Amino acid sequence: MTTAHLSPSTLDPKAATFDHTLESGLGFTRVLRKGEIFRIVDLEGNQAVDTLFYSADDPTERYSAVDTIREQGNLYLTTGTRLISTEGRVLLTIVADTCGRHDTLGGACAAESNQVRYAIEKKHMHSCRDTFLLTLARDCHHLGKRDITANINFFMNVPVTPEGGLTFEDGVSGPGRYVELRAEMDVRVLISNCPQLNNPCNGYDPTPVRLLVWEASA
Ligand SMILES: [Zn+2]
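Residues numbered from 1 in each chain as written. Predicted model: local features only at pLDDT ≥ 70, side-chain atom pairs only at ≥ 80, totals over all residues. Heavy atoms only, no water.

1. Some details on the sheet that holds strand β6 (residues 90-97)
For the record, the criterion: A pair of strands is labelled paired if DSSP reports no fewer than 2 bridges between them. Strands here are runs of E lasting at least two residues and helices are runs of H or I lasting at least four, both read from the DSSP assignment and numbered beginning at the N terminus. Note on method: axes are straight lines fitted to C-alpha atoms, helices fitted across the in-contact stretch only, with angles between N-to-C directions ranging 0 to 180 degrees.
Taken in spatial order, the six strands make up an open sheet running β1-β10-β3-β8-β6-β5, and their pairing is antiparallel. In the strand order of this sheet, the two ends are held by β1 (18-22) and β5 (82-84), each with one partner. Averaged over all pairs of adjacent strands, the angle between their axes in this sheet comes to 20°, without regard to strand direction. Of the pairings in the sheet, the one linking strand β3 (residues 37-42) to strand β10 (residues 209-214) comprises six bridges and is antiparallel in character. Looking at β10, one finds that Phe38 is bridged to Val213.

2. So, helix α3 (residues 128-139)
Filter applied, for reference: The length a helix should cover is 1.5 Å for every residue beyond the first. Partly exposed describes any residue whose relative accessible area lies between the buried limit of under 20% and the exposed limit of over 50%, with all areas from a 1.4 Å probe on protein chains only and scaled to the type maximum. Note that the arc is computed from the directions linking the helix axis to the C-beta atoms. Any two residues whose heavy atoms approach within 4.5 Å at even a single point are treated as in contact.
With twelve residues, α3 extends 16 Å between its outermost C-alpha atoms, agreeing within 8% with the 16 Å of an ideal straight helix rising 1.5 Å per residue. Among all positions of α3, only Cys128, Thr131, Phe132, Thr135 and Leu136 are buried. Along the axis of α3, the buried positions cluster into a sector of 130°, meaning they face one direction only. Counted as exposed and oriented over 90 degrees from the buried face of α3: Leu134, Ala137 and Arg138. Those residues of α3 that are buried lie in contact with β2 (27-32), β4 (49-55) and β9 (187-193).

3. Here's the deal with the coordination of the zinc ion
For the record, the criterion: Here the term donor refers to an N, O or S atom within 2.8 Å of the metal (or 3.2 Å for Na, K and Ca), and because water is left out of the atoms, sites may appear incomplete.
Those donors, Cys109 (SG), Cys128 (SG) and Cys194 (SG), are the protein atoms that reach the zinc ion, and they lie 2.2 to 2.3 Å from it. Considered as a linear motif, the donors of the zinc ion on their single chain read C-x18-C-x65-C. Of this pair, Cys128 sits in helix α3 while Cys194 sits in the loop between β9 and β10, and the two are 66 residues apart along the sequence. Residues Cys128 and Cys194 agree in their burial class; the two are buried.

4. So, the pairing of β4
Regular strands place side chains that alternate from one sheet face to the opposite one. Burial within β4 is extensive, with seven of its seven residues counted as buried. Burial of β4 is two-sided: the residues Val49, Thr51, Phe53 and Ser55 facing one way and the residues Asp50, Leu52 and Tyr54 facing the other way are all buried. Sheet topology note: the β4/strand β7 (residues 152-154) ladder contains three bridges and is antiparallel. Residue pairing across strands places Thr51 opposite Ile152, the latter belonging to β7. One ladder, built from seven bridges, connects β4 with β9; its direction is antiparallel. Within β9, the residue paired with Ser55 across the bridge is Val187.

5. What to know about helix α1 (residues 65-72)
Looking only at α1, the buried set comprises Ala65, Asp67, Thr68 and Ile69. Looking at the buried positions of α1, the neighbouring elements they touch are β5. Following α1 by one or two positions, Gly73 has its phi on the positive side, about 65°.

6. Focus on the nonpolar core
Inside soluble globular proteins, nonpolar side chains tend to come together where they are buried. Spelled out, the test is: Grouping buried Ala, Val, Leu, Ile, Met, Phe, Trp, Tyr and Cys residues that are joined through side-chain atoms within 4.5 Å yields what is termed a nonpolar core.
In terms of nonpolar packing, the biggest core is built from 30 residues, with Phe38, Ile40, Phe53, Leu92, Phe154, Ile191 and Leu211 touching the most fellow members. Residues within four places of Leu211 in sequence aside, it is in contact with Phe18, Asp19, His20, Leu22, Phe28, Phe38, Arg39, Ile40 and Ile191. Core analysis: the second largest hydrophobic core is formed by eight residues, Leu52, Phe132, Cys140 and Leu143 among them.

Next comes the structure, spelled out in structure tokens:
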């Protein structure tokens, strides 16, 4: 791959107002207020963090992979990427990134894709789609199955071949790498910290991530 432009953050984790470690296989949802900074840290490296964003006021407005790709003229997400909603508005901006590339083409693993990609008997293994649904059922009752749309896979490497093919590769991330986003409106974040044991993207070894939030700077 071409060398990515890495841009570290100056924020101090000690000043964060929220600091939580999310084990692999678990889900997370929270509302980020406009101006808040949200960081996801790939603690052990090569993890895939399946993530969706919604307008907190009207969750029928949500992250749009196609609009985001078209607006920036690039398939990969990194510093400077504006995450565009289905209404064409900016939900969040990536303001720091020490990994350099994030995927929004590969989608989330599901019982169905576990069978198609790997083996029939993989159906009952954990999947991100199940984690998304369980997390919403537990913490956010007004969202459900119909709201699980094309997601972001932070730290995941899905390079596109010159012929336009998708390939799942070993991760580009490493221990301690992170991505940081600024909320440009009040948004709900929904995460499945991928439990997948069959995909080389995470080195067949799902690991925890750290989630931090800083208040909006005055
Ligand atoms: Zn997954």
